[in-house]
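# Results of the structural survey
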Amino acid sequence: MSRIVVTALGTLGDLHPMIAIGLELRQRGHDVVFVTHQVYQSKIKALGFEFHSMRPDFTAMNDSQEMARMMDLKTGQEYMVCKWANPSLRDMYTDLLNVAKNADFIFSGEGVIATPLVAEKLGMKWASSAMVPMGFFSVYDPPVLAAFPNLAKLIKFGPIINKAIVNFAKLVSNSWAEPIRQLRHELGLSSINYNPFIDNKKYSPYLVIALFSSVIGQRQPDWPENTIIAGFTFYDGTQGGAELTPELKQFLDKGEPPIVFTLGSAAVMDGGNFYHESIKAVKQLNRRAVLLIGKNPPPENLSQDIIAVDYAPYSQIFQKACAIVHQGGIGTTAQALRAGRPTLIMPYSHDQPDNAARVERLGTSRTIPRKEYFAKRVALELNVLLENPSYANKAMEIRKIIQAENGVEVACDAIEKQLEII
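Heads up: these notes are all about the structure in this document. (Residues numbered from 1 in each chain as written. Predicted model: local features only at pLDDT ≥ 70, side-chain atom pairs only at ≥ 80, totals over all residues. Heavy atoms only, no water.)

## A short note on the sheet that holds strand E5 (residues 126–130)
- As summarised here, the arrangement of the seven strands in space is E3-E2-E1-E4-E5-E6-E7, forming an open sheet in which the pairing is parallel. The outermost strands of the open sheet, each flanked by one partner alone, are strand E3 (50–53) and strand E7 (227–229). Each strand axis lies, on average, 20° off the axis of its neighbour in the sheet, ignoring direction.
- Packing of helix H5 (residues 89–100) onto the sheet brings it into contact with strand E1 (3–7), strand E2 (31–36), E3 and strand E4 (105–108), and relative to E1 it is tilted by some 160°. (Pairing = 2+ DSSP bridges. Helix = DSSP H or I, 4+ residues; strand = E, 2+ residues; numbered from the N terminus. Axes fitted to C-alpha atoms, helices over the stretch in contact; angles between N-to-C directions. Contact = heavy atoms within 4.5 Å.)

Take a look at the structure:
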């Protein structure tokens, strides 16, 4: 069978869907190698995969100030590209090249900006992943831009205006691509006349796999022709034996379904007032709650109706909730949709405002800006979600669609078709 390099850059929300696919490819007999940040080495090796580190490392996972810079609403995207990824572009290229030259195929996360260069240099086939609909920057289904949220008000005016919005995004980010253009020149690769962060030419010319459900993003005329929508691919540790703690199981069993509050794997490092105001809101509603707090210190003097734990597999805890409050990361969003529970989303940056807008349009969710996340407003929003049965009914309807999809199987079938014609 084939030796396949799976590479990803960023948070666990970027890595976990790739792990799900890696597990299935290995089950089908392929030799799967992961190339990603050093910080994920123990996770990858514990699953029995060959691991190779790729720079830059994701030190923000253990640095709250760095994470805050990356998650900033206005400047987070530019910071991640220009101050974090671009300065390590040559190292990223070298790390990936050294592994890929002994492989048959690369399956790449969208943020790995070195993959197109490595694949072109080696003359090898590769596939792109698209984790979120906004990655396509379609004029027919335009994204909500985190740094310019007011532009979303213009979307209703149609493709002509939307094209202007997309062109504006290209203009703003065009200078970010200069290190890529320079490295391509040094490597003797062809020059590019497009924006490799916005234009769809950034994706593989062979295969693009959209790893999200069609309920939040349907194929558009300006997507790459070689795109397939596979559906969400799920991994949250349960395949490795992760379970709810006995304390949490006992809490869940002794009362009504709680509200679950979480900030995913990245935003939790920059929690701000989220947990403090959430506790106040829960008390106003006289509801039970589970706080997933990561490495943050446990809140003091919690009542018997509120429990704080560092982590719980979303596939196990979300289905036991009456509602979920989260940051809008695509991994958390996918798990909440699969659980069939209404959500309140407080987006930070990047794709999160767009994800929030999409699930709100589905009728399963409401959105609250981070700057307005205070107990009184949170309680009001949650009361609407919990008292209006349309949210729960719609969430269960979407749940059936998500559970009928098999993103892992569709994605792996598509990759194997590419392997057949190498």
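## Looking at the nonpolar core
- By size, the foremost hydrophobic cluster in this structure holds 134 residues, and its most contacted members are Phe 34, Ile 209, Leu 211, Ile 216, Phe 232, Phe 261 and Ile 415.
- Top element by residues in this core is helix H1 (residues 12–27). It accounts for eight residues.
- Among all residues touching Leu 211, those that are not within four sequence positions of it are Pro 17, Met 18, Ile 21, Phe 107, Ser 129, Ala 130, Met 131, Ala 230, Gly 231, Phe 232, Thr 233 and Ala 411.
- Judged by nonpolar contacts, the second largest core, of 17 residues, contains Leu 252, Ala 312, Phe 318 and Ala 339. (Core = buried A, V, L, I, M, F, W, Y, C linked by side-chain atoms within 4.5 Å. Buried < 20%, exposed > 50% of the residue type's maximum accessible area, 1.4 Å probe, protein only.)

## Let's talk about the sheet that holds strand E10 (residues 306–309)
- Read across the open sheet, the six strands follow the order E10-E9-E8-E11-E12-E13; overall the sheet is parallel. Edge positions in the sheet fall to E10 and strand E13 (365–367), since each of these pairs with one other strand and no more. Taking each pair of neighbouring strands and ignoring which way they run, the sheet shows an average axis angle of 15°.
- Where strand E9 (residues 289–292) and E10 come together, four bridges link them in parallel fashion. In the sheet register, Leu 292 faces E10, and the bridge partner there is Val 309.

## Quick word on the packing of H5 against helix H8 (residues 178–187)
- It is at 10 Å that the axes of H5 and H8 come closest, and there the two elements cross at 50°. As the angle between them shows, H5 and H8 are arranged oblique. Regarding H5 and H8, the two cross each other, and that crossing is right-handed. Listed contacts from H8 to Leu 89, Arg 90 and Tyr 93 of H5 are Pro 179, Ile 180, Gln 182, Leu 183, Glu 186 and Leu 187. (Parallel < 35°, antiparallel > 145°, perpendicular 65-115°, else oblique. Left-handed = near helix turned anticlockwise from the far one by under 90°.)

## Overview of the pairing of E3
- Here E2 runs beside E3; their pairing, made up of four bridges, is parallel. For Val 33, the partnering residue across the bridge sits in E3 and is Glu 50.
- As for the winding sense of the linkage, the β-α-β connection from E2 through helix H2 (residues 41–46) to E3 is right-handed. (Right-handed = clockwise from strand over helix to strand, strands pointing away.)

## Some words on the packing of aromatic side chains
- Counted under the stated rule, the structure contains twelve aromatic pairs.
- Aromatic pair Tyr 314 and Phe 318: ring centres 4.4 Å apart, planes at 15°, arrangement stacked.
- The exposure class assigned to Tyr 314 is buried, which follows from its relative accessible area of 13%.
- Through a chain of ring-to-ring contacts, the aromatic side chains of Phe 136, Tyr 203, Phe 212 and Trp 223 assemble into a single cluster.
- Over the aromatic face of Phe 49 sits the side chain of Arg 26, whose NZ or CZ is 4.2 Å from the ring centroid.
- If you follow Arg 338 out to its NZ or CZ, it ends over the ring of Phe 234, 3.8 Å from the centre. (Phe/Tyr/Trp six-rings, centres within 6.5 Å; stacked < 30°, edge-to-face > 60°. Lys NZ or Arg CZ within 6 Å of the ring centre and 35° of its normal.)

## Overview of H1
- A rise of 1.5 Å per residue sets the reference length of H1, with its 16 residues, at 22 Å; its end C-alpha atoms lie 22 Å apart and thus fit the reference within 8%.
- Those residues of H1 not exposed but buried are Leu 12, Leu 15, His 16, Pro 17, Met 18, Ile 19, Ala 20, Ile 21, Gly 22, Leu 23 and Leu 25.
- Buried residues belonging to H1 abut E1, E2, H2, E4, E5 and helix H16 (407–420).
- Following H1 by one or two positions, Gly 29 has its phi on the positive side, about 105°. (Expected span 1.5 Å × (residues − 1).)

## Here we look at unusual backbone geometry
- Cis geometry is adopted by the peptide bond preceding Pro 56, which originates at Arg 55 and carries an omega value of 0°.
- For Asn 301, which is not a glycine, the phi torsion comes out positive at approximately 55°.
- If you trace the backbone, Asn 301 turns up in the loop between E9 and E10.
- For Asn 301, a relative accessible area of 70% translates into the label exposed.

## Thoughts on the environment of Gln 418
- The residue Gln 418 is located in helix H16 in this model.
- Distance from Gln 418 to Thr 332, taken between C-alpha atoms, is 30 Å for residues 86 residues apart in sequence.
- Gln 418 has contacts with Phe 105, Lys 125, Tyr 206 and Leu 207, leaving out every residue within four places of it along the chain.
- A distance of 2.8 Å separates a polar atom in the side chain of Gln 418 from a polar atom in the side chain of Lys 125. (Polar contact = N/O pair within 3.5 Å; in protein donor to acceptor, adjacent residues only side chain to side chain.)

## Thoughts on a nonpolar patch on the surface
- On the surface, a cluster of nonpolar side chains totalling about 220 Å² of accessible area is made up of Phe 148, Phe 168 and Val 172.
- Inspection of the secondary structure puts Phe 148 in the loop between E5 and helix H7 (159–173).
- Judged by its relative accessible area of 33%, Phe 148 is partly exposed. (Patch = residues over 30% accessible without salt bridge, like charges linked within 9 Å, V, L, I, M, F, W, Y side chains within 5 Å. Areas by Shrake-Rupley, 256 points an atom, 1.4 Å probe, with all protein chains shown as cover. Salt bridge = Lys/Arg side-chain N within 4 Å of Asp/Glu carboxyl O.)

## Let's talk about the side chain of Gln 327
- Inspection of the secondary structure puts Gln 327 in the loop between strand E11 (323–326) and helix H12 (330–339).
- There is a polar contact of 3.4 Å between the side chain of Gln 327 and the backbone nitrogen of Gly 264.
- Leaving out residues up to four positions away in the same chain, Gln 327 has contacts with Thr 262, Leu 263, Gly 264, Ala 267, Thr 332, Ile 345, Met 346, Pro 347, Tyr 348 and Gln 352.

## Concerning H7
- End to end, H7 covers 21 Å across 15 residues, agreeing with the expected 21 Å (1.5 Å per residue, within 8%).
- Along H7, the residues that are buried comprise Asn 162, Ile 165, Val 166, Ala 169 and Ser 173. Across the axial projection of H7, the buried residues extend over an arc of 95°, all falling on one side. Turned more than 90 degrees away from the buried face of H7 sit Ile 160, Lys 163 and Leu 171, all of them exposed. (Arc of directions from axis to C-beta.)

Just distances and angles here, no functional claims.
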